[in-house]
Amino acid sequence: SSFTVYSINGQENSTENAEYYTPDGSYTHVSGASFNFSSAQTNNPLTSKINVKMWKNDGPNGVPGTILAQKDVLYSQIITDIGNNARTKVFFPASVKANSPYYIGYEISTVAGDAVGVKSTWYDAAPTNTAWYKSNNVWTIRNGTRLSMAAYAITGSTPTTNFTVNSTTACPGNTLNFTNTTTNANSYKWTVTGGVPESSYSLNQSTIYNTIGIYNVKLVAYGSCNGKDSITKENYINIGPPTLSSN
């Protein structure tokens, strides 16, 4: 049977709801989510919002923990979607790798009286770890319930970022050549602290270091479906004074 799960600010019902997902190998990333809301109440539809989230299941005993992605949605959009009998669709700023179990859900605004209701289904036999709600900062499973929400599962190309350099030590005035070994990317941004140039958008990077010091190097890579990854190698480059020969 179907019913509505309500989230009401200022009441014990719940302020966050989440649905548990286990990747089945048919997709690699999650780009967003959709929600079958049945009601929304607020006095400020153009400013009040909910925060849609994707969590890692690394909280105590596997409850929602680390936030992997999030996006605000105005009540005005939810109210319009309900009026059109449409699901509310939300896309995260960047797609997220889905290589382990995760949660999709939302947190309502902090404005007293704001409320949303999401359609749900009751099962005689509870699916394991499906619907959860958070009240008074404690996550609790809704036994036998599945919330009407869905993750946008995609097979995308979130990059795996890395690079090498021809030498991590050099004298002032020397040029170092960085080789990009990133996979699944189509554009890049280098930040080479202390070097000339200090940043670029090229595939590989050649930089001159003129000043003695120890420097970080960062590479950000961008792939399809809003995929993004970065790596920073700290204290990676050591520019020192020339060494005098004993001969």
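All values reported here derive from a predicted model rather than from experimental measurement. (Residues numbered from 1 in each chain as written. Predicted model: local features only at pLDDT ≥ 70, side-chain atom pairs only at ≥ 80, totals over all residues. Heavy atoms only, no water.)

Before going further, it helps to examine the overall build of the chain. In terms of helices and strands, the chain carries one helix and 22 strands. Accessible area for the chain stands at about 12600 Å²; split by element, carbon and sulfur atoms hold 48% of it. (Helix = DSSP H or I, 4+ residues; strand = E, 2+ residues; numbered from the N terminus. Areas by Shrake-Rupley, 256 points an atom, 1.4 Å probe, with all protein chains shown as cover.)

Attention now moves to the pairing of strand β11 (residues 138-141). For strand β10 (residues 131-135) and β11, the ladder comprises four bridges, and the chain directions are antiparallel. Opposite tyrosine 133, over in β11, you have threonine 140 as the bridge partner. (Pairing = 2+ DSSP bridges.)

Further remarks concern the pattern of salt bridges. Applying the stated rule across the entire model yields three salt bridges. A salt bridge links lysine 53 to glutamate 16, with the shortest nitrogen-to-oxygen separation between them at 3.6 Å. Highlighted residues: lysine 53 in strand β5 (residues 49-56) and glutamate 16 in strand β2 (residues 16-21), separated in sequence by 37 residues. On the basis of relative accessibility, which here comes to 6%, the residue lysine 53 falls in the buried class. The residue glutamate 107 makes a salt bridge to lysine 53 at a minimum N-O spacing of 2.6 Å. Residue glutamate 107 is located in strand β8 (residues 102-107), and its partner lysine 53 is located in strand β5; the two are separated by 54 residues in the primary sequence. Through salt bridges with shared partners, one network takes in Glu16, Lys53, Glu107 and Lys134. (Salt bridge = Lys/Arg side-chain N within 4 Å of Asp/Glu carboxyl O. Buried < 20%, exposed > 50% of the residue type's maximum accessible area, 1.4 Å probe, protein only.)

Here the focus is the packing of aromatic side chains. Each pair of aromatic rings is reported with the distance of its centres and the angle of its planes. Evaluated as defined, the whole model comprises twelve aromatic pairs. Measuring from ring centre to ring centre gives 5.8 Å for phenylalanine 35 and tyrosine 106, while their planes differ by 85 degrees; the resulting arrangement is edge-to-face. Of this pair, phenylalanine 35 sits in strand β3 (residues 29-35) while tyrosine 106 is found in strand β8, placing the two residues 71 residues apart along the sequence. Judged on exposure class, the residue phenylalanine 35 and its partner tyrosine 106 are both buried. Pairing tryptophan 55 with tryptophan 139 gives two aromatic rings, centres 5.5 Å apart and planes at 80 degrees, and the pair type is edge-to-face. (Phe/Tyr/Trp six-rings, centres within 6.5 Å; stacked < 30°, edge-to-face > 60°.)

With that settled, the discussion passes to the nonpolar core. Core analysis: the largest hydrophobic core is formed by 27 residues, its most contacted members being Val30, Phe35, Ile50, Tyr102, Ile104 and Tyr106. Secondary-structure elements contributing two or more residues to this core are β3, β5, β6 (67-74), α1 (75-83), β7 (88-97), β8, β9 (115-122) and β13 (149-154). Setting aside residues up to four positions removed in sequence, isoleucine 50 forms contacts with Phe37, Lys71, Asp72, Val73, Tyr75, Ile78, Tyr106, Glu107, Ile108 and Val116. Of all hydrophobic cores here, the second largest spans 16 residues; its members include Ala170, Val192, Tyr209 and Ile239. (Core = buried A, V, L, I, M, F, W, Y, C linked by side-chain atoms within 4.5 Å. Contact = heavy atoms within 4.5 Å.)

So, about the sheet that holds strand β15 (residues 169-170). With respect to topology, five strands assemble into an open sheet ordered β15-β22-β21-β17-β19, the strand pairing being mixed. The strands lining the two open edges of the sheet, one partner per strand, are β15 and β19 (199-200). Of the strand pairs in this sheet, strand β21 (residues 213-222) and strand β22 (residues 228-239) are connected by nine bridges, and their pairing is antiparallel. Looking at the pairing, alanine 221 lines up with aspartate 229 of β22.

Inspection of the secondary structure assignment puts glycine 62 in the loop between β5 and β6. Residue glycine 62 is classed as partly exposed on the basis of its relative accessible area, which comes to 21%. If we ignore the near neighbours within four places in the chain, the residues touching glycine 62 are Asn57 and Tyr103.

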